[in-house]
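# Architecture and fold: a report
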Amino acid sequence: MNDPRSSLIVALDVPDRSAALKAVKNLTGHVGFFKIGLELFTREGPGLVEEIRDLGEKIFLDLKLHDIPNTVKGAVRSVCALGVQMLTVHASGGPQMLAAACQEAQSSATPPLILAVTALTSLSEADVRDLGVAGTTEQWVERLAGMAQQSGIRGIVASAKELAMLRAKFGDQLQFVIPGIRPAGAALQDQSRAVTPAEAILAGANYIVVGRPILQAHDPAAAADAIVKEIMQARP
Ligand code: C5P
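Presented here is an overview of the structure given in this document. (Residues numbered from 1 in each chain as written. Predicted model: local features only at pLDDT ≥ 70, side-chain atom pairs only at ≥ 80, totals over all residues. Heavy atoms only, no water.)

### Brief notes about unusual backbone geometry
Glycine aside, the phi torsion of most residues is negative, and most peptide linkages are trans. Phi angles above zero are rare outside glycine, and Lys-64 is one such case at about 45°. Here Lys-64 lies in strand S3 (residues 58–65). (Helix = DSSP H or I, 4+ residues; strand = E, 2+ residues; numbered from the N terminus.)

### Observations regarding the site of the ligand
Around the ligand, a shell composed of Ala-11, Asp-13, Lys-35, Thr-121, Pro-179, Arg-182, Gln-191, Val-209, Val-210, Gly-211, Arg-212 and Pro-213 is seen. Contacts to the ligand include Thr-121, whose side-chain N or O atom sits 2.4 Å from a nitrogen atom. Within the side chain of Arg-182, a nitrogen or oxygen atom sits 2.8 Å from an oxygen atom of the ligand. Within the complex, the protein chains bury 79% of what would otherwise be the 460 Å² of accessible surface of the ligand. Mapping the ligand onto the cavity grids shows that it belongs to the largest pocket. Mapped by element, the contributors of at least two residues to the shell around the ligand are strand S8 (207–210) and helix H10 (212–215). (Near = heavy atom within 4 Å. Polar contact = N/O pair within 3.5 Å; in protein donor to acceptor, adjacent residues only side chain to side chain. Areas by Shrake-Rupley, 256 points an atom, 1.4 Å probe, with all protein chains shown as cover. 1 Å grid on protein atoms, 1.4 Å probe; cavity = no way out; pocket = protein on both sides within 12 Å on 5 of 7 lines; lining within 4 Å. Sits in = over half its atoms within 2 Å of the grid points.)

### Topic: the side chain of His-90
Within the secondary structure, His-90 sits in strand S4 (residues 86–90). In this view, His-90 contacts Lys-64, Leu-65, His-66, Met-97, Leu-98, Val-117 and Leu-120; residues no more than four positions away in its chain are not counted. (Contact = heavy atoms within 4.5 Å.)

### Some remarks on the environment of Val-228
Relative to the helices and strands, Val-228 is located in helix H11 (residues 220–234). The class of Val-228 is buried, set by a relative accessible area of 10%. Val-228 sits 107 residues away from Thr-121 along the chain, and the two C-alpha atoms are 25 Å apart. Once you skip the residues sitting within four places of it in the chain, Val-228 turns out to touch Pro-4, Arg-5, Leu-8 and His-30. (Buried < 20%, exposed > 50% of the residue type's maximum accessible area, 1.4 Å probe, protein only.)

### Considering the layout of surface pockets
Here the largest pocket defines a volume of roughly 1,000 Å³. Looking at the largest pocket, it is lined by 37 residues, and the ones nearest its centre are Lys-64, Thr-121, Pro-179, Gly-180 and Gln-191. Elements represented by at least two residues in the lining of the largest pocket include exactly helix H2 (38–44), S3, helix H8 (160–170) and S8. (Points joined across faces, edges and corners; volume = space filled by probe spheres on them.)

### Observations regarding the packing of aromatic side chains
Under the criterion given, the structure shown has one aromatic pair. The interplanar angle of 90° and the centroid separation of 5.6 Å between the aromatic rings of Phe-33 and Tyr-207 together place this pair among those described as edge-to-face. Here Phe-33 is found in strand S2 (residues 33–36), whereas its partner Tyr-207 is found in strand S8, with 174 residues between them in sequence. Classification of Tyr-207 as buried rests on a relative accessible area of 9%. (Phe/Tyr/Trp six-rings, centres within 6.5 Å; stacked < 30°, edge-to-face > 60°.)

### Some thoughts on the sheet that holds strand S1 (residues 8–11)
With parallel pairing, eight strands are arranged side by side around a closed barrel as S1-S2-S3-S4-S5-S6-S7-S8. Strand-to-strand twist across the sheet, computed as the mean angle between neighbouring axes with direction ignored, equals 25°. Of the strand pairs in this sheet, S1 and S2 are connected by three bridges, and their pairing is parallel. Each residue of the ladder has a partner; that of Ile-9, found in S2, is Phe-33. Strands in contact with helix H4 (residues 69–80) are S3, S4 and strand S5 (113–117); relative to S3, the strand with the most contacts, it is inclined by about 165°. (Pairing = 2+ DSSP bridges. Axes fitted to C-alpha atoms, helices over the stretch in contact; angles between N-to-C directions.)

In short, the description is geometric, and any link to function would need to be established separately.
Right, dumping it as structure tokens:
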């Protein structure tokens, strides 16, 4: 964690292998992790994960698994064989599913950090009520994070909005990965409540996820370097 680059995760939100490899080539040595999400994984499959891994890069596989414990356990076993460093599951899969994911990861020679996604930030308060959840979204996020922690989870994907509450409640027992980041002056695009890299780090983020502000920059490596500098300056 000492190298500030290790806190920067770039979201490889690109359509295909050639765009992904081009971005990796541009950014190698400038960032800590490459996040491969559902779009790229569904199109290119595990082969691309192995290709990027074999370039010596660290990978966050953002598959947001959510199924019965036995099925998630099998999927985690398959992911472990790919040698990635991080994998997401949905906290709302429940304690048995989360425990199965953690146990399976721990039995691997190279266990990925299993990250639980609490409430999707695309859900409004009204959506959360419609799902039958009692209380506010923030209370739901706190409950899900507590349940995840009790089930063996050590990392959470959270919005910056909930980060201070989660850090106060869970201290260093959980690591926090924060998307929705925009360097000061960058276009917000569809992120309505974005925070700057420095704000996220100051509020307790261990890792930040940045996509378009890096990928769509005229010079992606320079954009990443500027964010890394901001991370370094914001660290306690
Ligand atoms: O381009 P941008 O920086 O907005 O990309 C952010 C990445 O983080 C995307 O891959 C997006 O799916 C992911 N993400 C997010 N907000 C969340 C959870 C994940 O933007 N609440």
